[in-house]
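# Coordinates in review
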Amino acid sequence: MPSFRVQSEAQNERPTALAVSAPTDDSHNEEAEKAAAAFAFAAMLEKQKERVAEHLSLVYDCAPRFSEGLYQRMATDKRIEDFLHQCPLYDNGYNREWTGIKLRGPNGLQWDPRPEMVDKIATIIACIMEALGDHAGRRWVVKTQDMKLFHEEKYTTEVNYSSPSLVIVGEGPSFERPKHGSHDVGFTNATTCIDVVTNPRRQRINDREFLERHAIYARQIFIQQPNRRFVRTLVIGNYSIQFFHFDRSGIHRGHIGDFHKVNVKTFIRLILGLSSLDEEDLGLDSSIQWQLNNEGRKARGILTTTDDETKVKKTYSIASLQPLFYSNCGFSSRGTTCWALWDNENERQLLVKDSWREEGTTFAEFKNLQKAKGLEGVAQMISYEANHGETKDSGVTKYIPQEERTSYHSDRSTPVNQICSRIVMERYGWDVNHFESEKQLLCALRDAIAGHKNLYLKGKTLHRDFAYQNIVLGEPGAPAGQQGILIDLDLARPISHIKGVVDAVGHTLFYSIGIIINATSEHTGASLLPHDYLDDLQSSFYVIAMLMYECDGPHRYQNPRPEILVDWFSVMEETVPGMLQHLEWKKKFIISETPVDPTQGVAPYWSKASRKLLRGFYSFTREMAKAKELIRTWRDERQYEELLTESTVRRNYDRVLQMFDVAIVQLDKEKEKAVEASLIRAIAKGKKRKVVHDGTDENEELAVPTIRPRRD
């Protein structure tokens, strides 16, 4: 298999024989179609740029001479020198340059170079790979400027694609053929993306357009290759190269000048590294391995991890080809990825969570899960790796240890090292939004709140992110206490460290009034109160309220949405004006002078028991919120301390849990009455029961079944 392939959509659509036709008057239509296509592409590109915009603020300059240390082991100086002497594409005489590349272009950068420039760069790359690479036919370069590399996005059916100039394609355990498109090239099997541009001598390729487009490429590679740790891409001009490195700490940008002479060895090693058969060189996590089917697509996989406590290395089967969860963007984020696992030894389902945290973070999730061990209603950890990789090991940017960083929170000149942790946990059901019955939802929310109580009182830890996304349904047949599980403890903090912590964390939709006040205090001058258990209980009220407003039964949603939900969702903008609007909305809802009826807007599906629960929970939430605002206003520390005493904490949790218990029992009674009424109606109509082959006479008096008024 050659290293260099040229493919294009135009070639695939062209007939095998040369067709000759008479001139037509369709030139105007063709121009109009081209203009329309260009407009559509520009509109699509703007949407793609919006998806990466928030991450473009974390752009760091690579360390001086960074490129000299990259992929140094790929080829010795002598091998490279011998290659350059023999390569017909390199003038090794007086000029010492790649032939035909130093073209006299315009005064400014051009995104779309002449086709021959792309051809020449592609041929040079292919030549380097053929002569110096050991690819066994599993790496090759493809011209893709006329191809569509399709995107994958959550929550949209829009068709998006990119068309970089070149892609180095890989075959192997972490690559697969794309699902869409007429080519065997996509972000699923790209080792890197390369754009070829025209740039004048001595002008750096340093344009925002390149940054945005390559951020788009990198994001798609992270999404479609979920075991990626970093992505590296290139923009190659006539004289110099723009290098991009994307990882969980942000975007790293470097300049490689004069790849003809001064940095020719660096350029060659870079190409060899970006086409390496060693997946770690490409930024892939080799602890996850895949087997491909005959169609070149993933068929099964395995994941290997070593427990930090027992030092036991274990390999699990990956139960699903796609992650159960992944972050929308792969860089400058926690990069959370969750996989479903199968434990062959113990014949059980598990879940593994890979996520990144800042160096120096004291309260890592695995530490919080250690405190949750054995607690009902809280996720249980099987094993963990505290350090499964660090971004500083990439070597592209200057690293400053945490203890040496000055003005840490304001210093943005150097990236903060990010550390990956891997946690294996018991696996439960989907989040509570996937409930199958009213009772199942109430039981799940009840047990999650009880789990929150256990974590607080027994684990001495506050969760700080109570949201429906962080409550999962228990396994089928789970006992009371395990029918709803609180997950995602990465924002949790020990109670001993809560005092004085006033940062706003969690899901914005479920922020308490107090948390929003803290978040906007710099602009309002409001006094601050720490994030405490009452803030999380208020969040739990918003969870059940939102579900009852939005859901009209399992997997059914109110359409149109009720006014209260429309108003609520309209104040979700995470800006200061948006947060202030959010604050005013929740104040009006919760602590206005006259209480509101929280059941206005509830979907018809919900029973009297659930509506009564919502009213009671609203009254409790209103009472606690008003009490905290009085404390904030008068700065009554003694009264605040009283709210945090263990007896008061227990009493408040128990008040909420009792409301759920009463509602669940009432729900059972309502169901029992409905069964009785149905049987009475059947008897009144003279209907007989079918014969049951258990020795019972069909004319025997009908017994009304009883449903025990408790959760099981």
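Each remark here, short or long, concerns the structure printed above.
In what follows, the accompanying structure is described. Quick caveat, the model's predicted, so the values are computed rather than measured.

## Comments concerning the overall build of the protein chain
In terms of regular secondary structure, the protein chain is built from 16 helices and 24 strands. Residue burial in the protein chain is summarised as follows: out of 712 residues, 52% are buried. Intrachain contacts of the protein chain at a sequence separation of at least 6 include 72% that bridge at least 24 residues.

## Topic: the side chain of Arg422
Among the secondary structure elements, Arg422 is positioned in strand β20 (residues 418–426). A polar side-chain atom of Arg422 sits 3.1 Å from a polar atom in the side chain of Asp285. A distance of 3.0 Å separates the side chain of Arg422 from the backbone oxygen of Thr304, its partner in a polar contact.

## Looking at helix α13 (residues 576–590)
For α13, with 15 residues, the first-to-last C-alpha span of 21 Å sits near the 21 Å given by 1.5 Å per residue. Of the positions making up α13, those classed as buried are Gly578, Met579, His582, Leu583, Trp585, Lys586, Phe589 and Ile590. The buried residues of α13 occupy an angular sector of 165° when projected down its axis, which confines them to one face. Looking at α13, the residues exposed on the side facing more than 90 degrees away from the buried face are Pro577 and Lys588. Between the side-chain oxygen at the start of α13 and the backbone nitrogen of Gly578 there is a gap of 3.1 Å, and the oxygen is on Thr575.

## Side note on the pairing of strand β18 (residues 348–358)
With eight of 11 residues buried, β18 is to be regarded as a mostly interior element. Of the pairings in the sheet, the one linking strand β17 (residues 337–343) to β18 comprises seven bridges and is antiparallel in character. When the bridges of β18 are listed, Leu341 appears paired with Leu350. Where β17 hands over to β18, the hairpin turn is made up of four residues, of which Glu347 adopts a positive phi near 50°. As defined by bridge partners, β18 adjoins β20 across nine bridges and the pair is classed as antiparallel. Its bridge partner being in β20, Leu350 is matched across the sheet by Glu426.

## Things to note about the pattern of salt bridges
Applying the stated criterion to the full structure yields 41 salt bridges. Salt-bridge contacts for Arg219 lead to Glu153; the nearest nitrogen and oxygen are separated by 2.8 Å. Here Glu153 lies in the loop between β6 (149–150) and β7 (161–162) and Arg219 lies in helix α5 (residues 208–224), a separation of 66 residues in the sequence. We classify Glu153 as buried; its relative accessible area is 18%. Between Arg655 and Glu623 there is a salt bridge, and its shortest N-O distance comes to 2.9 Å. Linking Arg655 in helix α16 (residues 646–684) with Glu623 in helix α14 (residues 608–634), this pair joins segments that are 32 residues apart in sequence. The class for Glu623 is partly exposed, based on a relative accessible area of 39%.

## Some points on the pairing of strand β12 (residues 250–256)
With five of seven residues buried, β12 lies mostly within the body of the structure. Here strand β2 (residues 59–61) pairs with β12 via three bridges, running parallel. Its bridge partner lying in β12, Val59 is registered against Ile251. As paired strands, strand β11 (residues 241–247) and β12 are joined by seven bridges and run antiparallel to one another. The residue of β12 that forms the bridge with Phe246 is Ile251. In sequence, β11 turns back onto β12 through a hairpin of two residues.

## Here we look at the packing of aromatic side chains
If you walk through the whole model with that rule in mind, you get 25 aromatic pairs. Considering the side-chain rings of Phe259 and Phe267, the 5.0 Å spacing of their centres and the 55° angle between planes classify their relative orientation as tilted. Overall, the relative accessible area of 0% leaves Phe259 in the buried class. With relative accessibility at 1%, the residue Phe267 sits in the buried group. Judged by centre distance (5.2 Å) and plane angle (45°), the ring pair of Trp585 and Phe589 falls under tilted. Taken together, the residues span about one helical turn, with Trp585 and Phe589 both in helix α13 at a distance of four residues. As far as burial versus exposure is concerned, Trp585 and Phe589 are alike and both buried. Among the aromatic residues, those joined into a ring-pair cluster are Phe541, Tyr542, Trp568, Trp585, Phe589, Phe617, Tyr618, Phe620 and Phe660. If you follow Lys392 out to its NZ or CZ, it ends over the ring of Tyr399, 5.3 Å from the centre. Over the aromatic face of Tyr542 sits the side chain of Lys586, whose NZ or CZ is 4.0 Å from the ring centroid.

## What to know about the packing of helix α11 (residues 533–550) against α16
Contact geometry for α11 and α16: axes closest at 11 Å, N-to-C directions at 10°. Between α11 and α16, the angle falls in the class roughly parallel. On α16, the residues that touch Tyr533, Leu534, Leu537 and Ile544 of α11 are Thr648, Val649, Asn652, Tyr653 and Phe660. Taken together, the residues of the contact of α11 with α16 sort by class into seven nonpolar, two polar and no charged.

## A short note on the packing of helix α3 (residues 77–86) against helix α6 (residues 264–274)
For the pair α3 and α6, interaxial distance at closest approach is 11 Å and the crossing angle is 100°. Judged by the inter-axis angle, α3 sits roughly perpendicular to α6. Residues Asp77, Ile80, Glu81, Phe83 and Leu84 of α3 pack against Val264, Lys265, Ile268 and Arg269 of α6. Residue composition of the contact of α3 with α6, grouped by class: five nonpolar, no polar and four charged.

Here is what the cut-offs are and how they apply
- Residues numbered from 1 in each chain as written.
- Predicted model: local features only at pLDDT ≥ 70, side-chain atom pairs only at ≥ 80, totals over all residues.
- Heavy atoms only, no water.
- Helix = DSSP H or I, 4+ residues; strand = E, 2+ residues; numbered from the N terminus.
- Buried < 20%, exposed > 50% of the residue type's maximum accessible area, 1.4 Å probe, protein only.
- Contact = heavy atoms within 4.5 Å.
- Polar contact = N/O pair within 3.5 Å; in protein donor to acceptor, adjacent residues only side chain to side chain.
- Expected span 1.5 Å × (residues − 1).
- Arc of directions from axis to C-beta.
- Pairing = 2+ DSSP bridges.
- Salt bridge = Lys/Arg side-chain N within 4 Å of Asp/Glu carboxyl O.
- Phe/Tyr/Trp six-rings, centres within 6.5 Å; stacked < 30°, edge-to-face > 60°.
- Lys NZ or Arg CZ within 6 Å of the ring centre and 35° of its normal.
- Axes fitted to C-alpha atoms, helices over the stretch in contact; angles between N-to-C directions.
- Parallel < 35°, antiparallel > 145°, perpendicular 65-115°, else oblique.
- Nonpolar A, V, L, I, M, F, W, Y, C, P; charged D, E, K, R; others polar.

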